[in-house]
Amino acid sequence: MSLSTLTRHRHDVILRRLEREPRVRVVALAVELAVSEETIRRDLDELEARGRLRRIHGGAVPFRTDEDEPLNERSRIKSKEKVKIGQIASMLVEDGMTVFVDTGSTPLAFARALVGRRDVQLITNSLDIAQVLAPEPGLRIKVTPGWLRSNDNALLGSDTIAFVRRFVFDIAVMGIAACDEQYGWMDYGEEESDLRRILYQQSRRNVVVCDESKFGRRASVRTFDLTTPLTVATNRPPPEPFASMFAEAGVEVLAERPPARALRQR
């Protein structure tokens, strides 16, 4: 069999397994298919990019457009990339600013990058982010009201939105579930999508933090058009056609550039 045929065979095995089981594991698939774990990880990345499954730490689960996985699972996926994104976005924060940080594994990485800052007022609807930053003497933390969502300790709902409307933020840092060429920036839930649209209205600068796997992915709720003026902090420049669309619309992209040698090899 050719390499492409072997790849298709592995993908078929993985997808058939997910039809019968709630999740698959990298280690077990590598043993079953007699390939390396790295090969299985690449297979799962390819299938996720095609919208056929969703990556979790150590494996994958069936893809559903109407829900997100728990925060502790998301935080362990592409953790190094999220640390880099958090560092890039944190460079926008200056002393004396009022910053909103919403829920999500990448916003959590951004929050961790603020350790050591001084004279910053931070408002969040994430109990996890509040807990991480609570010991910091230079940060004043305020937590929104709202209904508690159990899978990620997020506070959401009408009380959250009413509270946010009382403020004007220097920066709002938002996570996002997906970025689709046709439907734009997307989320899994209406409540978090509604909150992000309100944050956009209440903030002088709106920053979406996301890793490269979100580009080309689709969720279930439309949040922003691709032409919406945003700052996008990501771990590498977005692929086409997103890069061209952002450039034409004036969307600011902050990303770590690949080394010059890597660029020459492409």
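Heads up: these notes are all about the structure in this document. (Residues numbered from 1 in each chain as written. Predicted model: local features only at pLDDT ≥ 70, side-chain atom pairs only at ≥ 80, totals over all residues. Heavy atoms only, no water.)

### A few points about the sheet that holds strand β3 (residues 59-62)
Defined as follows: Pairing between two strands is assigned when DSSP locates at least 2 bridges connecting them. Secondary structure is summarised from DSSP: a helix means a run of H or I of at least four residues, a strand means a run of E of at least two, and numbering begins at the N terminus for each.
Taken in spatial order, the three strands of this open sheet run β1-β3-β2, and their pairing is antiparallel. Two strands lie at the open edges of the sheet, namely β1 (24-25) and β2 (53-56), each paired on one side alone. Relative to β3, β1 runs antiparallel, the two sharing two bridges. Of the residues in β3, the one forming a bridge with V24 is A60.

### Considerations on the environment of V13
Operational definition: Whether two residues are in contact is decided by their heavy atoms: any pair within 4.5 Å suffices.
With respect to the secondary-structure elements, V13 resides in helix α1 (residues 3-20). Between the C-alpha atom of V13 and that of E32, which follows or precedes it by 19 residues, the distance is 9.7 Å. Not counting residues within four places of it along the chain, the set of residues in contact with V13 comprises E32 and L33.

### Notes on the nonpolar core
Side chains that are nonpolar tend, in soluble globular proteins, to be buried together. Here is the rule we go by: The term nonpolar core refers to a set of buried residues drawn from Ala, Val, Leu, Ile, Met, Phe, Trp, Tyr and Cys, joined through side-chain atoms within 4.5 Å. Partly exposed describes any residue whose relative accessible area lies between the buried limit of under 20% and the exposed limit of over 50%, with all areas from a 1.4 Å probe on protein chains only and scaled to the type maximum.
W185, L199, F215 and F246 are the most contacted members of the largest nonpolar core, which has 27 residues in total. Looking at this core, the elements that each hand over two or more residues are β8 (154-156), α8 (158-164), β9 (169-174), α9 (190-202) and α10 (242-249). With sequence-adjacent residues up to four places away left out, F246 is seen in contact with C179, W185, F215, L226, P238, V251 and V253. A111, I129, V173 and V207 belong to the second largest nonpolar core, which has 23 residues in total.

### Details of the pattern of salt bridges
Selection criterion: Here, a salt bridge means any side-chain nitrogen of Lys or Arg that lies within 4 Å of a carboxyl oxygen of Asp or Glu.
Scanning all chains against the criterion turns up 15 salt bridges. Among the salt bridges present, the one from R140 reaches D119, with a minimum N-O distance of 3.8 Å. Separated by 21 residues along the polypeptide, R140 in strand β6 (residues 139-143) and D119 in the loop between α6 (105-112) and β5 (120-124) bring together distant segments of the chain. Under the relative-accessibility criterion, D119 is labelled partly exposed at 44%. Notably, a salt bridge pairs R222 with D225, separated by 3.8 Å at the nearest N-O pair.

### Overview of the side chain of T223
Applicable threshold: Polar contact criterion, stated in full: a pair of N or O atoms within 3.5 Å, where within protein one must be able to donate a hydrogen and the other to accept it, and residues adjacent in sequence count only if both atoms are side-chain atoms.
By the secondary structure assignment, T223 is in strand β13 (residues 221-224). For T223, a relative accessible area of 7% corresponds to the buried category. A polar contact is formed between the side chain of T223 and the side chain of D187, at a distance of 2.6 Å.

### Quick word on unusual backbone geometry
Of note, the amide linkage connecting E240 to P241 takes the cis form, showing an omega dihedral of 5 degrees. If you trace the backbone, P241 turns up in the loop between β14 (231-234) and α10. Even without glycine at this site, A34 takes up a positive phi of about 60 degrees. Here A34 shows up in the loop between α2 (26-33) and α3 (37-49). Despite not being glycine, N153 shows a phi value in the positive range, around 55 degrees. Following the sequence through the fold, N153 ends up in the loop between β7 (147-149) and β8.

The quantities given are spatial measurements derived from coordinates; they are silent on function.
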